[in-house]
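Descriptive structure summary
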Amino acid sequence: MGSRGSSSGPADPPDSSLAQVLAHLLRRGQVRLVSRGGGRGLQLVSTPLPPPSDSDDSDGAWDGCLGDRYRPPVDVCPDTRDIDKSEISTQIRLQTGTLTPHPPHNLTRLLHRRERGLCHNGGFSHGECSRVTTHFLPNHVTLVDRFPQKAFCGVYSPDGQVFMSACQDQCLRVYRGRGGRLRKVLTVRARDVGWSVLDVATTPDNSRLLYSSWSDYIHMCGIDGDSEQHTALDLNPDERRFCVFSLTVSSDGHEVLGGANDGCLYVYDLDRNQRTLKVDAHEDDVNTVAFADVGSQILFSGGDDALCKVWDRRTLREDRPQPVGVLAGHRDGVTFIDSKGDARYLVSNSKDQTIKLWDIRRFSPKEGLQASRQAVTQQNWDYRWQQVPKRAFKSHRLVGDTSVMTYRGHGVLHTLIRCRFSPTFSTGQRYIYTGCSTGRLVIYEVLTGRVVSRLWQHQACVRDVSWHPLLNNIISTSWDGSVCQWDYQMHEGVGEGLVASSPPKTRRCDPDTPEDS
């Protein structure tokens, strides 16, 4: 379920209209619209406040500013038995040059081998280059931009040429990189926005930008051409109150895949300019969707029913939708899915405070689906404004959990926090990295489950993270309104819970583009 809480702000002026007051209360999450029976009408209801015993903590949680008041549990000894004998272990070791019996982990020794001509073709292989990168994980922060309200999205395009951000101020900002530095080139005022822009994506040629919100439409506008011309892609939903929480564009740029609060997947054909598929996919909100690979035939989805589902377009029927298989093991809603890009492995982030790695060749049995459903029905806390109850910290696996690996050490509160695989080119996909409700960026090693880095600069939860596909930098996007870039610098120890010693310096944007802070 999408986060609809908001930061506390000044009271509305006395002359505010009723519509403005209502919009203010909806943004703050103090009231919400619910559907009456059959979806024929809407009713305005107040959102329950936290119990008095939790009031001190929940006030801070409301703005996503828990900080050190919440310390996510960490697995001291992660269970690696399944991943040790999996195919992904061989893949990553091959991609990072560690498949040989005794690879030189010492960087000096590796350089010495190259100078002696002992490396492949007299130079580093791609795997050895990836292994070198592990010694230079990003650790130094620079402020890219700061916004007046919460920042929800921040993602690189697949080729790394464009970075896009979306903020609760209803503005989309487009940046282009040169030499590892981002320069703002465009600010677009989003149309038909309810609460906030919740997801953004670009077409493969970086010519068009797509975004979603609480609206019946996915909107699209140009990046290089006329950005004022917005096209509304009508999904024609049945729900009166409708939102696409997650969207992505196929690798050929012809189709848009979205997941919505009505439990359905939507496919929109950009060439035919119409919705071509609507699939009743989950029992609750669909929070995340992804294409499995560049072929775009296999689809992944994850929802508040705690399940990840795999769909094959070639056998999918809208009147009788059946997934190829279901992946069960989470105890609470899935907030994000990222595909490894090989149509075999994916990772899922969840409100149960874990990330799980899945192999779609290992689907869950019926017992797993039943166990996961039962675990969800036992959740009686709201991750948007309450802290995680101690009873939720259960480390034993559910019956039928077929995940390959589980990662613990980050917090998933307030909003749909995202996790991703690190890039193939620079890291060999050796890491999984994620935002965190404590304001940190957390990096896990895939094969060991260890937290190898915690980067801390933000003062509120980090909702989105994006590692450049070719360069060694990560962008973090936070509810404190800031977008930060993390690079490697010698002797700069901004990691493992340390705060930057001085405020980051704001990079100058295009002088022709007005500042937004």
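Above this text you will find the structure in question.
Conventions adopted
Counting of residues starts from 1 at the beginning of each chain's written sequence and follows it residue by residue. This being a predicted model, a pLDDT of at least 70 is required before a residue's local features are given, and a value of 80 or more before pairs of side-chain atoms are given or counted; all residues contribute to the totals for chains, interfaces and linings. Side-chain descriptors were evaluated using all non-hydrogen atoms of the structure, hydrogens and water having been removed beforehand. Put simply, DSSP H or I for four residues or longer makes a helix, DSSP E for two residues or longer makes a strand, and each gets a number counted from the N terminus. Exposure categories follow from relative accessible area, calculated using a 1.4 Å probe and restricted to protein chains: below 20% of the type maximum is buried, above 50% is exposed, and the middle band is partly exposed. Contact criterion: two residues are considered in contact whenever any of their non-hydrogen atoms come within 4.5 Å of each other. All accessible areas in this document rest on Shrake-Rupley with a 1.4 Å probe, and a residue is counted as covered only by the protein chains that are shown. Any two strands with at least two DSSP-identified bridges between them are counted as paired. We score Asp and Glu as negative and Lys and Arg as positive, and we do not count His or the chain ends. Each salt bridge in this description consists of a side-chain nitrogen of Lys or Arg and a carboxyl oxygen of Asp or Glu lying within 4 Å of one another. By the criterion applied in these results, polar contacts are pairs of N or O atoms within 3.5 Å in which, for protein atoms, one can donate a hydrogen and the other can accept it, and in which residues neighboring in sequence qualify only through two side-chain atoms. The pairing test for Phe, Tyr and Trp rings, Trp by its six-membered ring, is centres within 6.5 Å, and the orientation test on the planes gives stacked under 30 degrees, edge-to-face over 60, and tilted for anything in between. When the NZ atom of lysine or the CZ atom of arginine is within 6 Å of a ring's centre and also within 35 degrees of its normal, the charge is said to sit over that ring.

**Quick word on the overall build of the chain**
What the chain contains, in helices and strands, is eight helices and 30 strands. Residue burial in the chain is summarised as follows: out of 517 residues, 58% are buried. Counted over contacts in the chain with a minimum sequence separation of 6, partners at least 24 positions apart contribute 58%. For the chain, the exposed surface amounts to about 22400 Å²; the carbon and sulfur share of it is 49%.

**A word on the pairing of strand β14 (residues 264–269)**
Within a regular beta strand, the side chains point alternately toward one face of the sheet and then the other, so they alternate between its two faces. With six of its six residues buried, β14 lies for the most part within the structure. As paired strands, strand β13 (residues 255–260) and β14 are joined by five bridges and run antiparallel to one another. Bridge assignment links Gly258 to a residue of β14, and that residue is Tyr266. Here β13 folds back onto β14, and the loop between the two strands holds three residues, one of which, Gly263, carries a positive phi near 80 degrees.

**Observations regarding the side chain of Lys309**
Note on placement: Lys309 falls in strand β18 (residues 308–312). For the buried residue Lys309, which engages in no salt bridge, the nearest side chain bearing the opposite charge is Asp305, 4.7 Å off. For Lys309, the side chain forms a polar contact with the main-chain oxygen of Ala281, separated by 2.7 Å. Sequence-distant contacts of Lys309, defined by excluding residues within four places in its chain, comprise Ala281, His282, Leu299, Phe300, Ser301, Pro323, Gly325 and Val326.

**Here we look at the packing of aromatic side chains**
According to the stated counting rule, one finds 11 aromatic pairs in the structure shown. Between Phe152 and Trp479 the ring centres are 5.6 Å apart and the planes differ by 45 degrees, which places this aromatic pair in the tilted class. Of this pair, Phe152 sits in strand β4 (residues 151–156) while Trp479 sits in the loop between β29 (474–478) and β30 (482–487); the two residues are 327 residues apart in sequence, bridging distant segments of the chain. With respect to burial, Phe152 and Trp479 carry one shared label: buried. Seen in terms of ring centroids, Phe163 and Tyr175 are 5.9 Å apart; in terms of plane orientation they differ by 55 degrees. Their pairing is tilted. With Phe163 in strand β5 (residues 162–167) and Tyr175 in strand β6 (residues 171–178), this pair connects stretches of sequence that are 12 residues apart. In this structure Tyr175 comes out as buried when scored by relative accessible area, which is 0%. Here the aromatic cluster, defined as three or more aromatic residues joined through ring pairs, consists of Phe152, Trp195 and Trp479. Over the ring of Trp479 we find Lys150, and its NZ or CZ is 3.8 Å from the ring centre. Above the ring of Trp214, the side-chain terminus of Arg241 is found at 4.2 Å from the ring centroid.

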